[in-house]
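# Structural characterization, general
As a plain string of letters, each chain reads:
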Amino acid sequence: MGVSRLDIFYRRLLLTKLFIGGWGKPEDLKRLFEFRKVIGDREKCKSLVPKDYPVYINKTEEHTDCQIHDGFFISPLEHLVPGILPPEAVKARFQFIVPKRWQKNRPVCIHLAGTGDHFFWRRRTLMARPMIKEAGMGSLLLENPYYGYRKPKDQLRSSLKNVSDLFVMGGALILESTVLLRWLEREGYWPLGMTGISMGGYMASLAVTNWPKPIPLVPCLSWSTASSVFTTGVLSKAVNWTELEKQYAINSVYEEEIIKLLEYCGADSFKMGPELMKNTDSLEHLLGLSGEDSVSVGHNSKAGGEAEAGRDLLIGKGPEGGGARDRVHQFLSSVNSSGTSLETPSSLHANNILNGMKTDSAKCCRPSLHRESIGFMKGVMDECTHMANFSVPVDTSLIIVVQAKEDAYIPRTGVLSLQEIWPGCEVRYLNGGHISAYLFKQNVFRQAIYDAFNRFCLKYPNLN
């Protein structure tokens, strides 16, 4: 399956760069990775957010078909990881849109914002108001940290300044979704569900992994990890690799300390020996060292998985611990002992790099720097966004994933599928790419929401 030309063309219209500030403070990354180990385990999180956590409504508007309530609360992340949120994002804001008359029960779906979805107009117009008309369903629109009222003053439009900002956003939204779900339960709304488009789908998925009850989930145009989005998808072209490479080269804490905090997410098993070499033309291909202009479109899933395992080795991840260089040498030795020759120009070049051609005077000029930065990006992204690093939702049969077949923003090659991580979930595929699906398939997203809610009501008629 190819990728959408519209996706590629649309990306070229966007001139702003992502992560112009770099990776973020090393101490912030360390705190986030430690917190991920807590929030990734549903059992550990049962008492993180009190059931009576305060939520406030400060404005109500009357419309012909609905009431629109504006509300706010303090993000629990500010209490649990103090100072990690920018000051503007500490107050979580939401808009709650309820029908004047309920058709049956009082169903409410929480919508998390996709990339660039500031304030509430887009979700209110394209999803919430039609859902009232079509199904009598209420919607709660939570504003993401770093967007709208919660956008830092020094951030340019939707372009997150630091890589760590994405992880802060995810941690905050998991906790904030819990606050809102508990508040809605207290107010007597039922059934409750979650959805989101693109990045909003990722965040909704993360939030549901933390919810201790069965709940409908409809992630649209998202997948199992954000790592492929920023390393092989079209958005990888928007990443400010120059700054990331510079910081990675100059500050040794990233490869000497932070890498040790990354946990292997289980996406692919390591395949060392001749079988792995059969599927690769060179060590560079084996390690997934594609150039920055490549787009993941033509690889089969097996080759993609092996490339992912190779990148994990490169950034220092393996099944039995130890340093990155030790594991790479172990890997090379295992292949050599099988009688397979590695003496190609590209393999010698890669071997020289991995053997530590790294001096203070030439740190920023080492040939492997771009590849190492991509590997590190993949590692930190998988740590905080890979669904395999979080608890499996309580009932995966209530999950309906809507994906575009030719999505160039959300590559699915070389990463675990959601069906493998969440056995029992349903995946619905649309023709076309990311942009065309967003523009023309909102009705399909809404129908998936209705189907997931109906499935819940049939299966758990008394769970309220």
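Residues numbered from 1 in each chain as written. Predicted model: local features only at pLDDT ≥ 70, side-chain atom pairs only at ≥ 80, totals over all residues. Heavy atoms only, no water.

### Considerations on the overall build of the protein
What counts is decided by this rule: Runs of E in the DSSP output that reach at least two residues are strands. Runs of H or I that reach at least four are helices, and both are numbered from the N terminus. Under the scheme applied here, a residue whose accessible area is under 20% of the maximum for its type counts as buried, over 50% as exposed, and between as partly exposed, the area being computed with a 1.4 Å probe on protein chains only. The contact criterion used throughout is that any non-hydrogen atoms of two residues lie within 4.5 Å.
What the protein contains, in helices and strands, is 18 helices and nine strands. Expressed as a percentage of its 464 residues, the buried residues of the protein come to 59%. Taking the intrachain contacts of the protein between residues at least 6 apart in sequence as the baseline, contacts between residues at least 24 apart amount to 79%.

### Brief notes about the pattern of salt bridges
When their charged atoms lie close together, side chains carrying opposite charge are able to pair. As a reminder of what qualifies: Just to be clear on terms, a salt bridge is a Lys or Arg side-chain nitrogen sitting within 4 Å of an Asp or Glu carboxyl oxygen.
All chains considered together, the criterion is met by 19 salt bridges. Across the pair Arg 123 and Asp 117 runs a salt bridge whose closest N-O atoms are separated by 3.2 Å. A salt bridge links Glu 134 to Arg 446; its shortest N-O distance comes to 3.0 Å. A residue pair is termed long-range when its members are at least 10 positions apart, and Glu 134 in helix H4 (residues 121–135) and Arg 446 in helix H18 (residues 442–459) qualify at 312 residues. The exposure class of Arg 446 is buried, given its relative accessible area of 9%.

### Comments concerning the nonpolar core
Just so we agree on the cut-off: Residue types Ala, Val, Leu, Ile, Met, Phe, Trp, Tyr and Cys, when buried and joined through side-chain atoms within 4.5 Å, form a set referred to as a nonpolar core.
The biggest cluster of nonpolar side chains holds 98 residues, and the ones touching the most others in it are Trp 23, Phe 167, Met 194, Phe 230 and Met 377. If we ignore the near neighbours within four places in the chain, the residues touching Phe 230 are Leu 18, Phe 19, Leu 166, Ser 236, Val 239, Trp 241, Met 377 and Met 381. The next biggest cluster of nonpolar side chains, apart from the first, holds 19 residues, and it includes Cys 109, Met 131, Met 137 and Tyr 450.

### Description of the layout of surface pockets
Let me state the cut-off plainly: A pocket here means an open set of points on a 1 Å grid, computed over the protein atoms alone, that has protein on both sides within 12 Å along at least five of seven lines. A cavity is instead a set of points where a 1.4 Å probe fits but cannot get out; residues with an atom within 4 Å of a point line either one. Grid points are joined across faces, edges and corners, and a volume is the space filled by probe spheres set on the points. When residues are grouped by polarity, Ala, Val, Leu, Ile, Met, Phe, Trp, Tyr, Cys and Pro land in nonpolar, Asp, Glu, Lys and Arg in charged, and all others, Gly among them, in polar.
Taken as a whole, the largest pocket encloses approximately 1000 Å³ of empty space. Along the wall of the largest pocket there are 44 residues; nearest its centre are Gly 114, Thr 115, Gly 116, Tyr 147 and Ser 198. Contributions of two or more residues to the lining of the largest pocket are made by helix H1 (5–13), strand E4 (108–112), H4, strand E6 (192–197), helix H6 (199–209), helix H7 (227–231) and helix H17 (434–440). Class assignment for the residues of the lining of the largest pocket results in 26 nonpolar, 13 polar and five charged.

### Topic: the environment of Lys 46
Cut-off, in case you're wondering: Pairing of N or O atoms within 3.5 Å defines a polar contact, subject to two protein rules: one partner must be a possible hydrogen donor and the other a possible acceptor, and residues neighboring in sequence count only if both atoms are side-chain atoms.
Checked against the element boundaries, Lys 46 lands in the loop between helix H2 (26–39) and strand E1 (56–62). With 165 residues separating them in the primary sequence, Lys 46 and Trp 211 have C-alpha atoms 8.7 Å apart. Only 3.2 Å separates the side chain of Lys 46 from the side chain of Glu 43, close enough to count as a polar contact.

### Points about the packing of aromatic side chains
As a reminder, the rule being used: Aromatic contacts are taken between Phe, Tyr and Trp rings whose centres are within 6.5 Å, Trp giving its six-membered ring; a plane angle under 30 degrees counts as stacked, one over 60 as edge-to-face, and the others as tilted. In this scheme, the term charge over a ring applies when either NZ of a lysine or CZ of an arginine sits within 6 Å of the ring centre and within 35 degrees of the ring normal.
The full count for this structure, using the stated rule, is 16 aromatic pairs. Residues Phe 73 and Phe 94 carry aromatic rings whose centres are separated by 6.2 Å and whose planes lie at 40° to one another, so their mutual orientation is tilted. Taken together, the positions of Phe 73 in strand E2 (residues 66–74) and Phe 94 in strand E3 (residues 91–99) put the pair 21 residues apart, joining distant regions of the chain. Taking relative accessible area as the criterion, Phe 73 reaches 0% and is therefore assigned buried. Judged by its relative accessible area of 1%, Phe 94 falls in the buried class. Through a chain of ring-to-ring contacts, the aromatic side chains of Tyr 53, Phe 73, Phe 94, Phe 96, Trp 102, Trp 183 and Tyr 189 assemble into a single cluster. We note Arg 36 situated over the ring of Phe 390; from NZ or CZ to the ring centre the distance is 5.7 Å. Stacked on the ring of Tyr 149, the Lys or Arg Arg 93 has its end atom at 4.8 Å from the ring centre.

### Thoughts on the environment of Tyr 146
Within the element layout of this structure, Tyr 146 appears in the loop between strand E5 (138–142) and helix H5 (163–186). Between the C-alpha atom of Tyr 146 and that of Pro 86, which follows or precedes it by 60 residues, the distance is 8.2 Å. If sequence neighbours within four positions are ignored, Tyr 146 has contacts with Ile 84, Pro 86, Ala 89, His 118, Lys 151, Pro 152, Gln 155, Leu 160, Asp 165, Val 168 and Met 169. Among the polar contacts listed, one links the side chain of Tyr 146 to the side chain of Asp 165, at a separation of 3.4 Å.

### Structural notes on the side chain of Asp 407
Inclusion rule: His is not counted, nor are the chain ends, whereas Lys and Arg count as positive and Asp and Glu as negative.
Tracing the chain through its elements places Asp 407 in the loop between strand E8 (400–404) and helix H16 (418–421). We note that Asp 407 is buried and unpaired, the nearest opposite charge coming from Arg 412 at a distance of 5.5 Å. At 2.7 Å, the side chain of Asp 407 and the side chain of His 434 are in polar contact.

### Digging into unusual backbone geometry
With an omega of -5°, the peptide bond running from Trp 190 to Pro 191 counts as cis. Structurally, the position occupied by Pro 191 is in the loop between H5 and E6. Its identity as a non-glycine residue notwithstanding, Asn 105 has a phi of 55°, on the positive side. The backbone of Tyr 146 sits at a positive phi, close to 80°, despite the residue not being glycine. When its relative accessible area of 3% is taken as the criterion, Tyr 146 is described as buried.

### What about the packing of H5 against H6?
The condition is simple: Note on geometry: axes are lines fitted to C-alpha atoms, helical ones only across the stretch in contact, with angles between N-to-C directions running from 0 to 180 degrees. In what follows, roughly perpendicular refers to angles from 65 to 115 degrees, roughly parallel to angles under 35, roughly antiparallel to angles over 145, and oblique to any angle outside these ranges. Here a crossing is called left-handed whenever its near helix is offset anticlockwise from the far helix by less than a right angle, and right-handed whenever the offset is clockwise.
With their axes 8 Å apart at the nearest point, H5 and H6 run at an angle of 55° to one another. Taken as axis vectors, H5 and H6 run oblique relative to one another. The chirality of how H5 crosses H6 is right-handed. Residues Leu 166, Met 169, Gly 170, Leu 173, Ile 174 and Ser 177 of H5 pack against Met 199, Met 203, Leu 206 and Ala 207 of H6. Its residues placed into classes, the contact of H5 with H6 shows eight nonpolar, two polar and no charged.

### Here we look at the confidence of the model for the protein
Inclusion rule: Every residue is assigned a pLDDT by the predictor, reflecting its confidence on a scale from 0 to 100.
When pLDDT is averaged across the protein, the result is 80; 75% of the residues are at 70 or more. Model confidence for the protein, summarised as mean pLDDT per element, is weakest for helix H10 (residues 274–278) at 32 and strongest for E4 at 98. Low confidence marks residues 265–362, where pLDDT is under 50. Its contacts with residues over four positions away, or in another chain, come to 139 contacts.

### Observations concerning H4
The following threshold applies: By this rule, a helix spans an expected 1.5 Å times one less than how many residues it contains. Bend, in this description, refers to the angle at a residue between axes fitted to the seven residues ending there and the seven starting there.
Over its 15 residues, H4 extends 20 Å from the first C-alpha to the last, a length consistent with the 21 Å expected when each residue adds 1.5 Å. Maximal helix bending in H4 amounts to about 30°, located at Met 127; proline Pro 130 follows within four positions. Along H4, the positions that sit buried rather than exposed are Arg 123, Arg 124, Met 127, Ala 128, Pro 130, Met 131 and Ile 132. Where H4 is buried, its residues meet E2, E3, E4, E5 and H18.

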